[in-house]
Amino acid sequence: MMNNEIKLPTVYAAIDENEMVYLNGGSITDTQGWLIFMNVGALFNYVARVFSAGSSIVNNVKVIVTTIQKLGLALDAGNPGNYKERLKPLRNKRMVFIFDECHRSQFGDNHKAIKDFFPNAQLFGFTGTPIFEANASYTQVTGEQGYYKTTADIFQRELHAYTITHAIEDRNVLRFLVEYYKPEGKSIPKPGEPLLKRAVVEAILDKHNASTAQRKFNALFATSGIIHAIEYYQLFKEVQAERAAADSHYEPLNIACVFSPPAEGNKDVQQIQEDLPQEKHDNAEAPEEKKAALKAIIADYNANYGTNHSINEFDLYYQDIQKRIKDQQYPNEDLPHAQKIDITIVVDMLLTGFDSKFLNTLYVDKNLKHHGLIQAFSRTNRVLNDTKPYGKILDF
């Protein structure tokens with residue numbers, strides 16, 4: 001029991017952009033004591049108002065929820081809103097930060113900025129895939145000695161462990177069914193040679209209906225880079241056009257593709273790409289080609305779904321894709337199949353932190369390992385009912 005007169009610290013729940021972006025389209029949502037902020041200015045203005053007016057405003061607010069990307073922008077000294085300077089009165093306040101998906105969001109500049117700016121804050125992290133030395137990729141250097149930075153380095157003592165094995169046994173998530181594609185015919189590659197992309201596309205089109213219970217569910221297709229995602233997207237268009245020309249009864253799959261655009265100084269995109277290492281790397285080379293390809297993909301999307309997205313408002317396009325993936329839950333009688341997405345081609349996006357019970361399949365042409373593998377596979381294993389006994393993985 002707590003004495004009502006004890007003044008509790010303000011709690012900030014900093015979750016990943018993937019989770020936040022779908023919650024709502026507005027700036028602030030107030031639900032049962034939770035305040036959810038989608039906008040840096042709205043977050044700052046509220047927090048500043050709370051602390052300038054005293055504790056009366058915050059009495060009914062238990063938790064403030066925002067994204068670590070938005071919080072990182074607020075602490076950027078170069079932000080035109082000058083938020084960092086204006087937040088200085090809060091530096092020594094008693095606060096608790098709770099980070100979700102802390103396996104990937106806490107190893108860049110944002111975590112350091114938050115920790116440096118709020119020295120009296122208590123930090124808690126939640127993750128399904130902790131970073132150990134074996135799967136660490138960020139090097140921490142102390143004096144002459146270099147070593148890998150792990151989750152334990154950042155959050156110190158482990159409070160509780162609940163593994164995926166426990167979760168499967170408790171039926172909180174599903175097990176996985178992993179299949180490895182075996183090519184047939186004369187075009188079988190030699191050991192070490194990659195499959196032809198066209199063969200991969202043909203195999204996916206042949207297997208998709210059976211894998212998704214005749215399109216009751218949908219799928220992600222994880223590719224190894226932006227160039228590969230673009231090539232696969234074009235191949236799906238070509239092969240499906242050929243099949244439709246050869247068979248008047250053929251029903252094409254609805255294919256979407258999403259990857260982050262070149263940042264070009266855009267702070268929002270730069271923040272997003274902190275968690276998208278492959279996309280950040282790919283966009284550094286021939287950025288205009290990647291930008292042109294993404295514009296064409298978005299134009300196709302607009303034509304297919306009657307939307308009006310643009311690369312300049314990429315977040316809205318990204319939100320719309322997530323919504324349509326989740327819209328698979330509605331029967332075709334309530335929402336026509338033409339308004340849904342069957343397969344979404346991705347590089348880094350959506351492979352961590354995105355959940356949909358009606359996503360049951362992951363096609364993989366990408367080298368996945370350690371936490372990246374578990375996270376990607378786990379997009380498919382959310383519990384629905386007996387029609388979804390496991391998450392399906394088809395590895396090429």
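Residues numbered from 1 in each chain as written. Predicted model: local features only at pLDDT ≥ 70, side-chain atom pairs only at ≥ 80, totals over all residues. Heavy atoms only, no water.

A. Molecular detail of helix α14 (residues 314-326). End to end, α14 covers 19 Å across 13 residues, agreeing with the expected 18 Å (1.5 Å per residue, within 8%). A large share of α14 lies buried, amounting to 10 of its 13 residues. Within the span of α14, buried status applies to F314, Y317, Y318, Q319, D320, I321, Q322, R324, I325 and K326. (Helix = DSSP H or I, 4+ residues; strand = E, 2+ residues; numbered from the N terminus. Expected span 1.5 Å × (residues − 1). Buried < 20%, exposed > 50% of the residue type's maximum accessible area, 1.4 Å probe, protein only.)

B. Looking closely at the confidence of the model for the chain. Residue-level pLDDT values for the chain average 82, and 77% of them are 70 or greater. Note that pLDDT drops below 50 for residues 1-8; the model gives that stretch three contacts with residues more than four away or on any other chain. For the stretch residues 54-59, pLDDT sits under 50, and the model shows five contacts to residues farther than four places along the chain or on other chains. (pLDDT = per-residue confidence, 0-100. Contact = heavy atoms within 4.5 Å.)

C. Broad picture of the sheet that holds strand β10 (residues 218-223). With parallel pairing, six strands are arranged side by side in an open sheet as β9-β14-β13-β10-β12-β11. Since the sheet does not close on itself, it has two edges, and those belong to β9 (175-180) and β11 (255-257), each with one partner. Taking the axes of each pair of neighbouring strands and ignoring which way they run, one obtains an average angle of 20° across the sheet. In terms of strand pairing, β10 meets strand β12 (residues 343-346) through four bridges, oriented parallel. (Pairing = 2+ DSSP bridges. Axes fitted to C-alpha atoms, helices over the stretch in contact; angles between N-to-C directions.)

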